[in-house]
Amino acid sequence: MLLSIKNLHASIEGKQILKGINLDIQPGEVHAIMGPNGSGKSTLASVLAGREEYEVTEGSVEFDGKNMLELSPEDRSREGLFLAFQYPVEIPGVSTTNFIKTAVNEKRKYHGQEPMDAVAFLKLMKQKIELVEIDKSLLSRSINEGFSGGEKKRNEIFQMAMLEPKLAILDETDSGLDIDALRIVAKGVNKLRNSERGIIVITHYQRLLDYLQPDFVHVLVNGRIVKSGTKALALELEEKGYDFIKDEISLTAAL
Amino acid sequence: MDPINISYFGEKFNRLQLANPDNLLNSIRKEGFKTFNESGLPGTKNEEWKYTRISNLFHKEYHLTEDELKSEINISDVNAVRLPGSENATELVFANGKFIPELSTIRSSDNELVILPLEEAAKGVFKELIHEHLDKSSLFIKDGIHALNTSFIYGGVFIYVNKNKVLDNPVYLYHISDARENHTLSQPRSLVFVDESAKLQVVETYSTIGSMDSFTNEVIEIIVDTNAIVEYYKIQNDSITASQVGTTHIRQIGKSFVHALTISLNGGMIRNNTDIIMEAAGNEAHMYGLYLLKGHTHVDNHTLVDNTKPNCFSNELYKGIIDEQATGVFSGKIFVRPDAQKTNAYQSNKNILLSDDATVNTKPQLEIFADDVKCSHGCTVGQLDEEAMYYLRTRGISKEHAQSMLLEAFAADIVGQIKPEPLRIYVEEMISERLSVN
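Everything numeric here is computed off the predicted structure, so don't read it as measured data.

Undergrad: What exactly am I supposed to notice about the overall build of chain A here?
TA: Scanning chain A from N- to C-terminus turns up nine helices and twelve strands. Relative to the compact-globule value of 18 Å for 255 residues, chain A shows a C-alpha radius of gyration of 18 Å, a close match. Referenced to the eigenvectors of the C-alpha coordinate spread, the extents of chain A come out at roughly 65 × 40 × 35 Å. Going through the 255 residues of chain A one by one, you find that 53% of them count as buried. Considering only intrachain contacts with a sequence separation of at least 6, the fraction spanning at least 24 residues in chain A is 69%. Looking at charge distribution, chain A has the averaged site of its 32 positive side-chain charges lying 4 Å from that of its 38 negative ones.

This is the structure we're talking about:
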């Protein structure tokens, strides 16, 4: 098992957002998490990445055999977790290349490896630049500074390629992208799929899933996964909207 | 202030006046001492000194060399303070506030650059120039500490850059205080005149030898004539026993360009007055400051841009990172006089506090008496950007490393304004070392 979430409850400023999430992910699987605004999708991503504002009040998360909730955000990353942000931060004055090099080498250090030398690093960069089709001029600039929405998302996928995570969470990576940008980003993600790597795709819409073809689709409503299925579920949601799920839940509750 | 100190300075003053009779200098000193006698040291009731109490620093006996140029400082002391790029620089050494020609090296020809002891210059061909410009700063700064420097003008330096001479070699001023035996008061005084269409880069740095206290009370006046360019860099990285009041008084008397930068990394109590007086239409000035403070270091940057003529442009950016129990003060005054229409004046002060005990006081002051002007000011005091910290950490970068990356980035746009490359690299490395994680 790559990731095992059991009965996860989390709150922010005393407000309960996650109310008992259960989710298991095996290596190589792509899971989509869908759901209406405010259902807790991004909170789930933040809690998994270790954002300190969120308090886990109940439940457990096991990542590759380790108790993930005990790890700092940096250690989660070094253990192989990657979060592609919905709104990547602009950091003026910090060069993207230096930043990624630092990230790569801190991970190597954590695993007892020597830092990568300049030549090897540039070679790796070049290879990944081609893989995810990112304009390399972006990488000499400050992190995300003045990047368009599409460029920011592409930079996230590029970082994912460089860090080679075991599990990647894509938090609404499709939001704010036009059709062309979406296609390029999705293509990048598809190239990063392999039999070892798990991927969680958080999205509102079917269109990214058309490209990614997830193995499983989960619907999150009010802090709980209320329905899980195959990619057919996403199509059904697209067609009927979230209301049909809500109706189903209230029906179940009434029974 | 202690009356004992007043009489101590009185005796010294009288001796200096008798030992060095020069009509011009005697009368300037006399005026200075009169002001000092009347106003004493500025106290915290003085609005301009509200956050910086220097009077406490005078509750001890300082050794002041008023009328002799001798000191124990030798060439190996100078070697210890040389800055990168010195091999191409004119290096002027001040020992306990006095210019020491024997320890100094001039690396420009004398038809480009003239360096003279101030007393000598006041007698020769530059007499008129000195008469016209020396101590104009007293018209702007009326406090007792500036007057104390003026009371003891002796052993200063005169720096003159000839018309149309664009100096490739910067001028480095090394201020060395010998505090091995006594608490030492150093009062360097410099007058710099950059003539029409000339260019000069000036760099000042400070160093205290010994474990007693040093107090440097400096005044440097820089006069910039038409089409001239002046770059001024002050680098403060002295020991915590070294306190300082330094006034850099720049007057742009013709349409000219000034680029001034102050970096404060270490010291006791430091007050920098950086004044730019726009005396001609179309002047342009850029002022930058970076203070990176820890321990109990106190750094107070007071700036003044005084627009007296139309069409002047000034831009000012001061940034501070304040840790432990350190204190930062910023006060930025912009005057726009009635004739100074079409003034563009911008000012910004940004601070990051890294500890609960760190303090910053920031105060913009705009006084505008013309109606067609563009002025803006802003100040921020905050912590590190939490979002950015989180982002970096989710990429596997430790909290400490993420913090140092963000702080270096914060400082980078100031350091990037240091134009002489060896100096910029030197400061970058110092800052990087200071901010790095072990």
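There is more to say, and it comes next.
Undergrad: It is not clear to me how the interface of chain A and chain B should be interpreted in this structure. Could you clarify?
TA: Accessible area lost upon the coming together of the parts serves often as the stated size of an interface. In this complex, chain A contributes 30 residues to the contact, which on the side of chain B involves 17 residues. Both faces combined, the contact of chain A with chain B buries some 2000 Å², and carbon together with sulfur accounts for 59% of it. At the boundary of chain A and chain B, one finds four salt bridges. Residue Arg395(B) pairs with Glu156(A) through a salt bridge whose shortest N-O separation is 2.6 Å. For the pair chain A and chain B, the number of links is 15 residue pairs in polar contact (both at pLDDT 80 or more). Taken together, the elements giving at least two residues each to the side of chain A that touches chain B come down to helix 1 (41–49), helix 2 (73–78), strand 6 (81–84), strand 7 (91–95), helix 3 (96–110) and helix 5 (149–163) of chain A.

Undergrad: I tried to follow the state of the cysteines on my own but got confused; where do I start?
TA: Residues and elements named next belong to chain B. In total, this model carries zero disulfides over all chains according to the counting rule given. The thiol of cysteine 375 is not disulfide-bonded; the next cysteine sulfur, from cysteine 312, is found 11 Å away. Residue classification places cysteine 375 among the partly exposed positions, given a relative accessible area of 24%. This cysteine, cysteine 379, is not joined by any disulfide, and cysteine 375 carries the nearest cysteine sulfur, 16 Å off.

Undergrad: So what exactly am I meant to see when it comes to the domain arrangement of chain B here?
TA: Residue and element names in this part refer to chain B. The domain architecture assigned to chain B consists of domain 1 (1–28 + 55–129 + 143–245) and domain 2 (390–438). Here the C-alpha centroids of domain 1 and domain 2 sit 32 Å apart. For the pair domain 1 and domain 2, the summed buried surface comes to about 760 Å²; carbon and sulfur atoms form 77% of the total. Summed over the three residues of domain 1 that lose the most area to domain 2, namely Pro84, Tyr233 and Ile235, the buried surface amounts to 52% of that side. Seen at the junction of domain 1 and domain 2, the total is zero salt bridges. Counting across the domain 1 and domain 2 interface gives one residue pair in polar contact (both at pLDDT 80 or more). Secondary structure elements with two or more residues in the side of domain 1 that touches domain 2: strand 9 (199–209) and strand 11 (229–237).

Undergrad: Which parts of the structure should I look at to understand a negative patch on the surface?
TA: Where like charges cluster on the molecular surface, the negative patch consists of Glu408(B), Glu421(B), Glu428(B), Glu429(B) and Glu433(B). Tracing the backbone shows Glu408(B) in helix 8 (residues 399–415).

Calculation notes
- Residues numbered from 1 in each chain as written.
- Chains lettered and ligands numbered in written order.
- Predicted model: local features only at pLDDT ≥ 70, side-chain atom pairs only at ≥ 80, totals over all residues.
- Heavy atoms only, no water.
- Helix = DSSP H or I, 4+ residues; strand = E, 2+ residues; numbered from the N terminus.
- Rg over C-alpha atoms; globule rule 2.2 N^0.38 Å.
- Buried < 20%, exposed > 50% of the residue type's maximum accessible area, 1.4 Å probe, protein only.
- Contact = heavy atoms within 4.5 Å.
- Lys, Arg positive; Asp, Glu negative; His and termini not counted.
- Charge placed at Lys NZ, Arg CZ, Asp CG, Glu CD.
- Buried area = accessible area lost by both parts, 1.4 Å probe.
- Salt bridge = Lys/Arg side-chain N within 4 Å of Asp/Glu carboxyl O.
- Polar contact = N/O pair within 3.5 Å; in protein donor to acceptor, adjacent residues only side chain to side chain.
- Disulfide = S-S within 2.5 Å.
- Domains from an automatic or database assignment.
- Patch = residues over 30% accessible without salt bridge, like charges linked within 9 Å, V, L, I, M, F, W, Y side chains within 5 Å.
- Areas by Shrake-Rupley, 256 points an atom, 1.4 Å probe, with all protein chains shown as cover.

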